[in-house]
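# Notes for the structure review
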Amino acid sequence: MLSETCSAPVHSAAASPPPEAVLTVVHVEKSFGDNHVLRDFSLVLHRGENVVVLGKSGSGKSVLIKCIIGLLLPDAGRITVLGQDVATLSHAALDQLRTKVGFLFQSNALYDSMTVRENLLFPLRRHWLAHSPAEEDQLVRQALEDVGLAHTAGLLPAELSGGMRKRIALARTLILRPDIILYDEPTTGLDPVTAREIDHLIREVQRKYGTSALIISHDLNCVRLTADRVALLVDGRCYAEGTYEQLRDRPDPVSHEFFA
Amino acid sequence: MPHPTILASTGALTHFAGRFFREVVRPRYEVQEWLYQCYVVGYQSLPLVGSTAFIMGLVLTLRLRPTMVQFGAESWIPTMVGLTIIREMGPIITALMVAGKVSSNIGAELGSMRVTEQIDSMEVSGTNPFKYLVVTRVLATTLMLPVLTIVADAISLYASYLGVNMQGVTTLALFSHNILGRLNFSDITAAVVKTFCFGFAIGLIGCYKGYYADKGTEGVGQAANSAVVVSSLAVFILDLLAVQVCLVLGIA
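This write-up is about the structure you can find in this document.

Conventions and cut-offs
Residues numbered from 1 in each chain as written. Chains lettered and ligands numbered in written order. Predicted model: local features only at pLDDT ≥ 70, side-chain atom pairs only at ≥ 80, totals over all residues. Heavy atoms only, no water. Helix = DSSP H or I, 4+ residues; strand = E, 2+ residues; numbered from the N terminus. Rg over C-alpha atoms; globule rule 2.2 N^0.38 Å. Buried < 20%, exposed > 50% of the residue type's maximum accessible area, 1.4 Å probe, protein only. Contact = heavy atoms within 4.5 Å. Areas by Shrake-Rupley, 256 points an atom, 1.4 Å probe, with all protein chains shown as cover. Axes fitted to C-alpha atoms, helices over the stretch in contact; angles between N-to-C directions. Left-handed = near helix turned anticlockwise from the far one by under 90°. Nonpolar A, V, L, I, M, F, W, Y, C, P; charged D, E, K, R; others polar. Pairing = 2+ DSSP bridges. Expected span 1.5 Å × (residues − 1). Phe/Tyr/Trp six-rings, centres within 6.5 Å; stacked < 30°, edge-to-face > 60°. Lys NZ or Arg CZ within 6 Å of the ring centre and 35° of its normal. Patch = residues over 30% accessible without salt bridge, like charges linked within 9 Å, V, L, I, M, F, W, Y side chains within 5 Å. Salt bridge = Lys/Arg side-chain N within 4 Å of Asp/Glu carboxyl O.

This brings us to the overall build of chain A. Along chain A, the regular secondary structure elements total nine helices and ten strands. A compact globule built from 260 residues should have a C-alpha radius of gyration of about 18 Å, and chain A, at 18 Å, falls within 12% of that. Its C-alpha atoms put chain A at 55 × 45 × 40 Å along the principal axes. In chain A, which comprises 260 residues, the share counted as buried stands at 52%. Long-range pairs, those at least 24 residues apart, make up 69% of the contacts in chain A between residues at least 6 apart in sequence. Carbon and sulfur atoms form 52% of the exposed surface of chain A, whose accessible area is close to 11500 Å².

Residues and elements named next belong to chain B. With their axes 10 Å apart at the nearest point, helix H3 (residues 46-70) and helix H4 (residues 77-115) run at an angle of 145 degrees to one another. In this structure, the crossing between H3 and H4 has a hand that is right-handed. Between H3 and H4, the residues in contact are Leu 48, Val 49, Thr 52, Met 56, Gly 57, Leu 60, Thr 61, Leu 64, Arg 65 and Met 68 and Ile 77, Met 80, Val 81, Thr 84, Ile 85, Met 89, Gly 90, Ile 93, Thr 94, Met 97, Val 98 and Lys 101, respectively. Across the contact of H3 with H4, the residue classes break down as 14 nonpolar, six polar and two charged.

All names here are of chain A. Strand order in the open sheet made by the six strands is E6-E7-E8-E3-E9-E10, with mixed pairing throughout. For this open sheet the edge positions go to strand E6 (101-104) and strand E10 (237-242), each flanked by a neighbour on one side alone. Strand-to-strand twist in this sheet, taken as the mean axis angle between neighbours without regard to direction, amounts to 20 degrees. As paired strands, strand E9 (residues 229-234) and E10 are joined by five bridges and run antiparallel to one another. Bridge assignment links Ala 231 to a residue of E10, and that residue is Glu 241. Lying over the sheet, helix H5 (residues 162-174) contacts E6 and strand E7 (180-184), oriented at roughly 170 degrees with respect to E6.

The first and last C-alpha atoms of helix H9 (residues 216-249) of chain B sit 48 Å apart over 34 residues, in line with the 50 Å expected at 1.5 Å per residue. One or two steps after H9(B), the chain reaches B:Gly250, where phi turns positive at roughly 75 degrees.

Where strands meet in a sheet, backbone hydrogen bonds hold them as pairs that are either parallel or antiparallel. Residue and element names in this part refer to chain A. Ordered by their spatial adjacency, four strands build an open sheet running E2-E1-E4-E5, and the pairing between neighbours is antiparallel. Of all the strands in the sheet, the pair left with one neighbour each is strand E2 (35-46) and strand E5 (84-85). Summarising the sheet, strand E1 (residues 21-32) and strand E4 (residues 76-81) pair through five bridges and their orientation is antiparallel. Counted as the bridge partner of Val 25 is Ile 79 from E4. Lying on the sheet, helix H1 (residues 61-69) is in contact with E1, E2 and E4; it crosses E1 at an angle near 120 degrees.

Further remarks concern the pairing of E4(A). All names here are of chain A. As defined by bridge partners, E4 adjoins E5 across two bridges and the pair is classed as antiparallel. Bridge pairing in E5 links Thr 80 to Asp 85. Here E4 hands over to E5 after two residues, with Leu 82 in that stretch at a positive phi of 50 degrees.

Once that is clear, we can look at the packing of H4(B) against helix H6 (residues 129-166) of chain B. Residues and elements named next belong to chain B. Put simply, H4 and H6 touch, their axes get as near as 7 Å, and they point 145 degrees apart. Here the hand of the crossing between H4 and H6 comes out right-handed. A class-by-class count of the residues in the contact of H4 with H6 yields 18 nonpolar, seven polar and three charged.

Attention now goes to the packing of aromatic side chains. Where two aromatic rings form a pair, the distance of their centres and the angle of their planes describe that pair. Counted under the stated rule, the structure contains 18 aromatic pairs over all chains. Geometrically, the ring pair formed by B:Phe16 and B:Tyr211 is tilted, given 6.1 Å between the ring centres and 55 degrees between the ring planes. One end of the pair, B:Phe16, is in helix H1 (residues 6-25); the other, B:Tyr211, is in helix H8 (residues 185-211), with 195 residues separating them in the sequence. You'll find B:Phe16 and B:Tyr211 in the same group, each marked buried. Among the aromatic residues, those joined into a ring-pair cluster are B:Phe16, B:Phe130, B:Tyr208, B:Tyr211 and B:Tyr212. Cation over ring: A:Arg172 sits above A:Tyr111, and NZ or CZ is 4.7 Å from the ring centre. Sitting above the plane of the B:Tyr211 ring, B:Arg114 keeps its charged end 4.9 Å from the centroid.

For the rest of this paragraph, the subject is a nonpolar patch on the surface. Residue and element names in this part refer to chain B. Among the surface-exposed residues, Tyr 36, Tyr 39, Tyr 43, Leu 46, Val 147 and Val 151 lie close enough to one another that they form a single nonpolar patch of about 560 Å² accessible area. Secondary structure elements with two or more residues in the nonpolar patch: helix H2 (31-43) and H6. Element by element, the count of residues in the nonpolar patch is highest for H2, at three residues. Relative to the helices and strands, Leu 46 is located in helix H3. With a relative accessible area of 32%, Leu 46 lands in the partly exposed category.

Here we come to the environment of B:Ser103. All names here are of chain B. For Ser 103, the position within the fold is in helix H4. We classify Ser 103 as buried; its relative accessible area is 0%. Residues Ser 103 and Tyr 132, 29 residues apart in the sequence, show an inter-C-alpha distance of 17 Å. Beyond its immediate stretch of four places on either side in the chain, Ser 103 contacts Val 98, Ile 202, Gly 206, Ala 227, Val 228 and Ser 231.

One can find A:Lys66 in helix H1. Judged by relative accessible area, A:Lys66 falls into the buried class, the value being 19%. When sequence neighbours within four positions are dropped, the list of residues in contact with A:Lys66 reads A:Leu71, A:Leu72, B:Glu117 and B:Asp120.

Spatial relationships are all this shows, so hold off on functional conclusions.
In structure tokens form, the structure reads like this:
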């Protein structure tokens, strides 16, 4: 069953204008051989909004997020990010678009041969976004302060705990001041306390910088604390969509399975 | 997934090489990373290559001497050692040392970056990982191996000079004259040209194995291991081809 609410705007019925869509996923399909991972999946992300895609492990959440960022090409359907169709962009245009879209990997993907400071400087220098060493220092310091790890600039990723690595990965994403952040399982593998800290940090980033976020997760606490809206990914489709409470209170067995 | 056949692997490697030639001419040029890789491949390999070359020159001279004395051809030792080192032993030993040290290092490094999503991370941060990681490393090995070989040849010949003087007396001037008198310019150019090819093969195979590593940490180990094995084998095959080409062109 495909819920009628899927991909529909969630703003209230009041007279306010509809919020701007910064990311749209329209009827996207993706298969690997006979394994149909995404089937007719649709979703809209609005400016300043946090949307969580909730699904079981192996349900295609990471495939979806990799299609959005252009690491995988969908077999069918259309993905637009900040008004640009990802599939039709040249390499240069895609690289330019990626400066506005942060991606927090599940494994953090910090460059382990570089210090924390060098990790943060890498995307900055690739796009010539800092014009002087002083400006670089200021941006690195600001990004590290945002995640509460200002003292770690000289450390290597191997010297950090799991939660610290996650924060540094987020700082590396934030340093480019993206409009959209894609979080791939941001709390997986973390203890409950650290996971809650990361959840609060996600909210804080949203409040401070007004970023939109698409969060892939199967962690209900993460969903509850970070989501303005939740989309249930079941059998490759957007099964249902709504606030955490709306989906939790749905009587159907599929939704109940997630929130039980 | 079944193991790819040798033909399929060769095809994939050729495709990888084609991508290298396409990417190497396109901007943006990663000069800083390339210089760093030249430092890693060239300067950091110098102690290993230098000590190997020294031992090779010394041992070759000491082992050759009794036979040459037996035939009353003691004065030919510098010429024989010089030609052997400059034409064959210098390039081959240096290439094998670099294959063992650098190719495995590249295979493990890129393999580890692949399985921990660092290569994907580079791509989503707007960096072409092929250009940044592969092109710089292949260019570095291609350009540094000839330099290392020339240094290794010089060290090896000096070790040979010491070897000759351990059981006899000769001057450095006479030793050098004996070598240079029998050496053609084509001996040096042929040796240098083939070291470019060795360096290219070592870098390319190391990068290919690492760039397409999978299966987690096991895959990283396999990438490092097969990078050494395949690049060492490639060095011998290329050397055989070089010998044939030299014979056809009448160089040797």
